[in-house]
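The primary structure of each chain is shown beneath.
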Amino acid sequence: METIWFAIVALMITAYVVLDGFDLGAGAIHFFVGKNSKERAGVLQAIGPVWDGNEVWLLAAGGTLYFAFPVLYSSAFSGFYLPLMIVLWLLIFRGIGIELRHQMDHPMWHSFWDFAFSVSSILLTIFFGAALGNVIRGVPLNADGYFFEPLWTDWRVGTQNGILDWYTVLTGVVSLTALSLHGASYLAVKTEDGMNERARKCVGISWYFLVAFTALSLIATVYARPQVLNNYRDYPIGWLVPAVVVGALAAIKYFHSKKSDKPMFISSAAYLVGMLVGAVFAVYPNVLPASTGDEYSLTIHNAAAGSYGLGVGLVWWIIGITIAVTYFVLLYRAFGGKIDLGSEH
Amino acid sequence: MDDALLLHRLHFAFTITYHYLFPQLTMGLAPLIVFFKTLFIWKGEERYNRAAFFLGKIFAIAFIFGVVTGIPMEFQFGTNWARFSRAVGGVIGQTLAMEGVFAFFLESAVLGVFLFGERKVGQRLHWLSSVLLFLGTWLSGYFIVATNAWMQHPVGYEQVGDGKFQLTSFWSLIFNPWAIYQYMHNMGGAFVTGSFAVAALGAFFLLSKKNVDFGKLFLRTGVVAALLGSVWMLFPSGDFQAKMVAKHQPITLAAMEGVFKTENGVGIVLVGQPNVHEQRIDNPIIVPNALSFMTYQRWDAELKGLDAYPKEDHPDNIALLYYAYHIMVGLGTIFIAIMIVAALQLWRGKLFGSNLLLWVLMLAFPLPFIANTAGWMTSELGRQPWLVYGLVRTTGGFSSTVSAGNALFTLLGFMGIYTLLSILYLFLMYRVIDNAGKYLAEEGE
């Protein structure tokens, strides 16, 4: 039962990264793809009807984490206090940026919200990447299962971790690169002409960085936390996951050269899924590894809620998520196709 | 009081109070939007559709602010109240997760259709989107109320090792009687906010001699809705809620009514200042025996005062609790009075010409926000000194690893950001109302 909920939470987080990832990524390259105010309105038009629904995956995943693994939720959220609060502030700015830009027709109003949207998107991708890096590297849990990390300490990977050290900065950069590519390929699907070309160009450039950073981060992960290889050693089938990552990277390049945007976007989604599944597979059955010693790690067993609650939860979760997926299919169908520049709403 | 504890409490209180200014308006407007949209489908008159469209504009802005200020709430259970979340996450995590899965997905999916899809999906589906939006916002409200209700009156749980609680009955949690009564009262409160806002818009249009026809439509709808809502708040929902408090939290009742001493035939304090140190009400105006009668239907019934309970179980801010409660009840009474007069004048055909009454209706729109806030303060201060009534004390719930300095840092951060949000919100609302003529014009979008 705990393993099922571990998989469910991982699935929801993956859905969040793949879905909100493209609108965060679109924000990161907002000024690169949108060369004037009209085109930047186009970027927002492309994500406008769906970004809020995408972000709900974060809330739903957070809520699910809370109820299925209350110990993990309380420990991680209080331990990552400062970065989470900063994430909240960025989410506020980004949300109102997207929704308020079109409320008034004034160039300064547009410039301000374009800037807020792009900067908050960039910082969010980095923070989310760093957060994942923290989970993989482990945090200084004490005997009560709590910890508190300052934003940074000495930037080294040790037992006195800060949120940011060289390793988590690296995972943050991987996240920024991967989501920029993801967002660019989404925008390539949704746009035409000049914007489409620039979006594609952005995919082309970021691809090289992504390959380099991915390789670097995998080596760094093995160095920062050698235990990540344990599961791969015990269950060699896990090596399929890195194979998917490599395959997805190759596919992005291939479809980029073929100029087929949709398969390119799907390949980029496959890359993200592969990276996340690979991380989750390496961490399991831990949910929050301790850098202070394995005996302090939070696992699916010592962090989960009671079995009755998990059982009932499974019933309503399956019903609820089926309905939610139906909304998403309908929504993406309704707002499918290329955007029409200038016909804002 | 521990500095860190105080700051974590202020942190939650500040962010939740600010957040709830928006959902109470959206939850209150949603049924009125459905009302206008339904009238349009039924009667086929475009003006009803315009009215729904214009209120939709106001709804949309409040909704955005509700969403962005709501996200921090879900996080704060973990960031600031980690020990509480660890103890009870297995229970209240259920309702919070259900809110995300059932309500948030629904709202986010239909909001876009409602705001921008009218021409794309056709009128029937557009009507459906307004109904689903109403359903989504009210469903969201239920899950939050059910979460709070479990903290007020825990049911369907068992205690397991090291202070943790587990769910034993899903349906008890969902149909907690406290949740049902609290929901009736709370949603009535939101409806009062929404209907006062519509009435105030109508009064503004008439007084400024713009969009006069819509002004009359909004006034008729707003006044009737506000009258029904205001009466509902007193009876039956307020009465039910008070009986729940009397039954399950008698200490809270004593504190909010300002009853310090156990007596027979206790009167109800209308005005007066609680003097907690001397254990009495200063400068009181009292209706004799009324409280005994309202609680037990006997004029001379004995009512336990605060002195009947151990001091460590008293709410820790009796004066503020007392004021919050009295402000809520006082404003609620004023609402009924205003709306009875307005409805009477409406019926006699004299409302639209009565400038004085129109001014009153226009200026009254902030009051329900205050009443709703005071109501929630009554509920939350009244629950003290417990996080979960009788089970988890507030002193044992906050995140002990998050220092007072860090909590103050983020509290100040939120205060700064919310100041900015307030300016933006008022500015955007002003623009929407200023452009009302454009949105209400037949050709519109």
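These remarks concern the structure in this document. Once a new chain begins, its residue numbering starts again from 1 and follows that chain's sequence as written. Chain letters start at A and ligand numbers start at 1, both assigned in the order the entries are written. This being a predicted model, a pLDDT of at least 70 is required before a residue's local features are given, and a value of 80 or more before pairs of side-chain atoms are given or counted; all residues contribute to the totals for chains, interfaces and linings. The basis for every side-chain value is the complete set of heavy atoms in the structure, and neither hydrogens nor water enter the calculation.

**Brief notes about the overall build of chain B**
Right, so step 1: Helix numbering and strand numbering both begin at the N terminus, where a helix is a DSSP run of H or I of at least 4 residues and a strand a DSSP run of E of at least 2. The helix and strand tally for chain B stands at 17 helices and 8 strands.
Right, so step 2: Relative to its length of 445 residues, chain B is compact, with a C-alpha radius of gyration of 23 Å against a globular reference of 22 Å.
Right, so step 3: Dimensions along the principal axes, computed over C-alpha positions, put chain B at roughly 65 × 50 × 40 Å.
Right, so step 4: Summed over its atoms, the accessible surface of chain B is roughly 17800 Å², and 67% of this surface lies on carbon and sulfur atoms.
Right, so step 5: Measuring between centres, the 29 positive side-chain charges of chain B sit 9 Å from its 27 negative side-chain charges. For a compact globule the rule gives 2.2 Å times the number of residues to the power 0.38, and the radius of gyration it is set against comes from C-alpha atoms. Accessibility throughout is a Shrake-Rupley quantity obtained with a 1.4 Å probe, and a residue counts as covered only by protein chains that appear here. Positive charge is attributed to Lys and Arg, negative charge to Asp and Glu, and no charge count is given to His or to the chain ends. Lysine's charge is taken at NZ, arginine's at CZ, aspartate's at CG and glutamate's at CD.

**Quick notes on the pairing of strand 5 (residues 280-287) of chain B**
Residues and elements named next belong to chain B.
Right, so step 1: Pairing of strand 4 (residues 268-275) with strand 5 involves 6 bridges; the strand directions are antiparallel. Counterpart to Gln-273 in the pairing with strand 5 is Asp-282.
Right, so step 2: By definition, two strands form a pair when at least two bridges between them are found by DSSP. Linkage of strand 4 to strand 5, two consecutive antiparallel strands, is achieved through a turn of 4 residues, within which Gln-279 is found at a positive phi near 60°.

**With respect to the nonpolar core**
Right, so step 1: Of all hydrophobic cores here, the largest spans 237 residues; its most connected members are Phe69(A), Tyr271(A), Phe54(B), Phe65(B) and Phe84(B).
Right, so step 2: The element best represented in this core is helix 3 (residues 46-79) of chain B, accounting for 18 residues.
Right, so step 3: Throughout, a contact is declared for two residues whenever any of their heavy atoms are within 4.5 Å. Non-local contacts of Tyr271(A), meaning those with residues more than four positions away in its chain, are made with Val174(A), Ala178(A), Leu210(A), Thr214(A), Val245(A), Ala248(A), Leu249(A) and Ile252(A).
Right, so step 4: The criterion is simple. A nonpolar core is a set of buried Ala, Val, Leu, Ile, Met, Phe, Trp, Tyr and Cys residues joined through side-chain atoms within 4.5 Å. Summary of the burial criterion: residues with accessible area below 20% of their type's maximum are buried, those above 50% are exposed, and those between are partly exposed, where the area comes from a 1.4 Å probe applied to protein chains only. With 24 residues, the next largest nonpolar core counts Leu207(B), Leu219(B), Met233(B) and Ala342(B) among its residues.

**Some points on the packing of aromatic side chains**
Right, so step 1: For Phe, Tyr and Trp, where Trp contributes only its six-membered ring, two rings pair if their centres lie within 6.5 Å, and the inter-plane angle classes them as stacked under 30 degrees, edge-to-face over 60, or tilted in between. Scanning the entire structure with this criterion turns up 62 aromatic pairs over all chains.
Right, so step 2: Measuring from centroid to centroid gives 5.7 Å for Phe12(B) and Phe77(B), while their planes differ by 65°, and the two rings are edge-to-face. Remark: Phe77(B) occurs in helix 3 and Phe12(B) occurs in helix 1 (residues 3-20); sequence separation between them is 65 residues.
Right, so step 3: Judged by its relative accessible area of 12%, Phe77(B) is buried.
Right, so step 4: Each ring, one from Phe196(B) and one from Phe335(B), has its centre 4.9 Å from the other, and the planes form 55°; the classification is tilted. Of this pair, Phe196(B) sits in helix 8 (residues 177-207) while Phe335(B) sits in helix 13 (residues 318-347); the two residues are 139 residues apart in sequence, bridging distant segments of the chain.
Right, so step 5: Overall, the relative accessible area of 4% leaves Phe335(B) in the buried class.
Right, so step 6: Among the aromatic residues, ring-to-ring pairing joins Trp89(A), Phe14(B), Tyr18(B), Phe22(B), Phe65(B), Phe409(B), Phe414(B), Tyr418(B) and Tyr425(B) into one connected group.
Right, so step 7: Criterion for a charge above a ring: Lys NZ or Arg CZ within 6 Å of the ring centre, and within 35 degrees of the ring normal. A cation over a ring is seen here: Arg50(B) above Phe53(B), with NZ or CZ 4.8 Å from the ring centre.
Right, so step 8: Across from the ring centre of Trp386(B), 4.1 Å away, lies the NZ or CZ of Arg393(B), which sits over that ring.

**With respect to the packing of helix 4 (residues 51-68) of chain A against helix 3 of chain B**
Right, so step 1: The angle between two axes is taken between their N-to-C directions and runs from 0 to 180 degrees, where each axis is a line fitted to C-alpha atoms and a helix contributes only its stretch in contact. Contact geometry of helix 4 of chain A with helix 3 of chain B gives a least axis separation of 10 Å together with a crossing angle of 25°. By the angle between their directions, the pair helix 4 of chain A and helix 3 of chain B is classed as roughly parallel. Considering how the two elements wind past one another, helix 4 of chain A and helix 3 of chain B form a crossing that is left-handed. Facing helix 4 of chain A, whose interface residues are Asp52(A), Glu55(A), Leu58(A), Leu59(A), Gly62(A), Gly63(A) and Tyr66(A), helix 3 of chain B presents Phe63(B), Val67(B), Ile71(B), Glu74(B), Phe75(B) and Phe77(B).
Right, so step 2: A class-by-class count of the residues in the contact of helix 4 of chain A with helix 3 of chain B yields 8 nonpolar, 2 polar and 3 charged. Should an angle fall under 35 degrees it is taken as roughly parallel, and over 145 as roughly antiparallel, whereas 65 to 115 is taken as roughly perpendicular and any remaining angle as oblique. Crossings are sorted by hand: turned counterclockwise from the far helix by less than a right angle, the near helix makes the crossing left-handed, and turned clockwise it makes it right-handed. Basically, the charged four are Asp, Glu, Lys and Arg, the nonpolar ten are Ala, Val, Leu, Ile, Met, Phe, Trp, Tyr, Cys and Pro, and anything else, Gly included, counts as polar.

**Quick look at the interface of chain B and chain A**
Right, so step 1: Opposite the 63 residues of chain B that make contact, chain A presents 62 residues.
Right, so step 2: Roughly 5600 Å² of surface becomes buried between chain B and chain A when both sides are summed, with 76% attributable to carbon and sulfur atoms.
Right, so step 3: Looking at the side of chain B facing chain A, the largest losses of area belong to Phe75(B), Arg86(B) and Phe105(B), adding up to 14% of the total buried there.
Right, so step 4: Salt bridges are identified by distance alone: a Lys or Arg side-chain nitrogen within 4 Å of an Asp or Glu carboxyl oxygen. On the surface where chain B and chain A come into contact, there are 0 salt bridges.
Right, so step 5: Pairing of N or O atoms within 3.5 Å defines a polar contact, subject to two protein rules: one partner must be a possible hydrogen donor and the other a possible acceptor, and residues neighboring in sequence count only if both atoms are side-chain atoms. Taken together, the links from chain B to chain A amount to 15 residue pairs in polar contact (both at pLDDT 80 or more).
Right, so step 6: When contributions to the side of chain B that touches chain A are tallied by element, the ones reaching two or more residues are helix 3, helix 4 (82-116), strand 2 (165-167) and helix 16 (404-434) of chain B.
Right, so step 7: Per element, the largest residue contribution to the side of chain B that touches chain A is 22 residues, and it comes from helix 4 of chain B.
Right, so step 8: Taken together, the residues of the side of chain B that touches chain A sort by class into 36 nonpolar, 20 polar and 7 charged. Here the quantity called buried area is the accessible surface, traced with a 1.4 Å probe, that two parts lose on coming together, added over both.

**Topic: a nonpolar patch on the surface**
Residues and elements named next belong to chain A.
Right, so step 1: Residues Phe-31, Phe-115, Val-119 and Leu-123 make up a contiguous nonpolar surface patch of about 330 Å² in total accessible area.
Right, so step 2: Element by element, the count of residues in the nonpolar patch is highest for helix 7 (residues 107-137), at 3 residues.
Right, so step 3: Position of Phe-31 relative to the elements: it lies in helix 2 (residues 30-33).
Right, so step 4: Its relative accessible area of 34% is what places Phe-31 among the partly exposed residues. Exposure above 30% relative accessible area and the absence of a salt bridge qualify a residue for a patch, where like charges join within 9 Å and nonpolar side chains (Val, Leu, Ile, Met, Phe, Trp, Tyr) within 5 Å.

**Considering the pattern of salt bridges**
Residues and elements named next belong to chain B.
Right, so step 1: Inspection of every chain in the model, using the stated rule, returns 19 salt bridges over all chains.
Right, so step 2: Arg-9 serves as the salt-bridge partner of Asp-316, at 2.7 Å between the closest nitrogen and oxygen. Note that Asp-316 is positioned in the loop between strand 6 (302-303) and helix 13 and Arg-9 in helix 1, a separation of 307 residues in sequence.
Right, so step 3: Take Arg-9: its relative accessible area is 17%, and that puts it in the buried class.
Right, so step 4: A salt bridge links Asp-282 to Arg-280; the shortest N-O distance between them is 2.3 Å.
Right, so step 5: Overall, Arg-280 belongs to the partly exposed group, its relative accessible area being 42%.

**Focus on empty space enclosed by the protein**
Right, so step 1: Here a cavity is any set of points on a 1 Å grid over the protein atoms alone where a 1.4 Å probe fits but cannot get out, and a pocket is any open set with protein on both sides within 12 Å along at least 5 of 7 lines; a residue lines the site when it has an atom within 4 Å of a point. Grid points are joined across faces, edges and corners, and a volume is the space filled by probe spheres set on the points. For the coordinates displayed, the defined rule picks out 2 cavities of 30 Å³ or more.
Right, so step 2: Estimates place the volume of the largest cavity at around 290 Å³.
Right, so step 3: Those elements that provide at least two residues to the lining of the largest cavity are helix 3 (37-47), helix 4 and helix 6 (81-100) of chain A together with helix 3 and helix 4 of chain B.
Right, so step 4: Residue contributions to the lining of the largest cavity peak at 5 residues, all from helix 4 of chain B.
Right, so step 5: Its residues assigned to classes, the lining of the largest cavity comprises 12 nonpolar, 6 polar and 4 charged.
Right, so step 6: Volume-wise, the second largest cavity comes out at about 40 Å³.
Right, so step 7: Elements that contribute at least two residues to the lining of the second largest cavity include exactly helix 2 (23-43) and helix 6 (123-152) of chain B.

**Details of the side chain of Glu99(A)**
Right, so step 1: One can find Glu99(A) in helix 6.
Right, so step 2: An unpaired buried charge is present at Glu99(A): no salt bridge exists, and Arg94(A), the closest side chain of opposite charge, is 9.4 Å distant.
Right, so step 3: A polar side-chain atom of Glu99(A) sits 2.8 Å from a polar atom in the side chain of Trp51(A).
Right, so step 4: Leave out the neighbours within four places in its chain, and Glu99(A) touches Gly48(A), Trp51(A) and Ile64(B).

**Re unusual backbone geometry**
Only a minority of non-glycine residues have a phi that is not negative, and only a minority of peptide bonds are not trans.
Right, so step 1: A cis amide bond, omega 0°, links Tyr284(A) with the succeeding residue Pro285(A).
Right, so step 2: Turning to its location among the elements, Pro285(A) is positioned in the loop between helix 12 (261-283) and strand 1 (286-288).
Right, so step 3: That bond from Phe235(B) to Pro236(B) is cis: its omega, 5°, falls within 30 degrees of zero.
Right, so step 4: Of note, the phi angle at Asn283(B) is positive, near 45°, even though the residue is not glycine.

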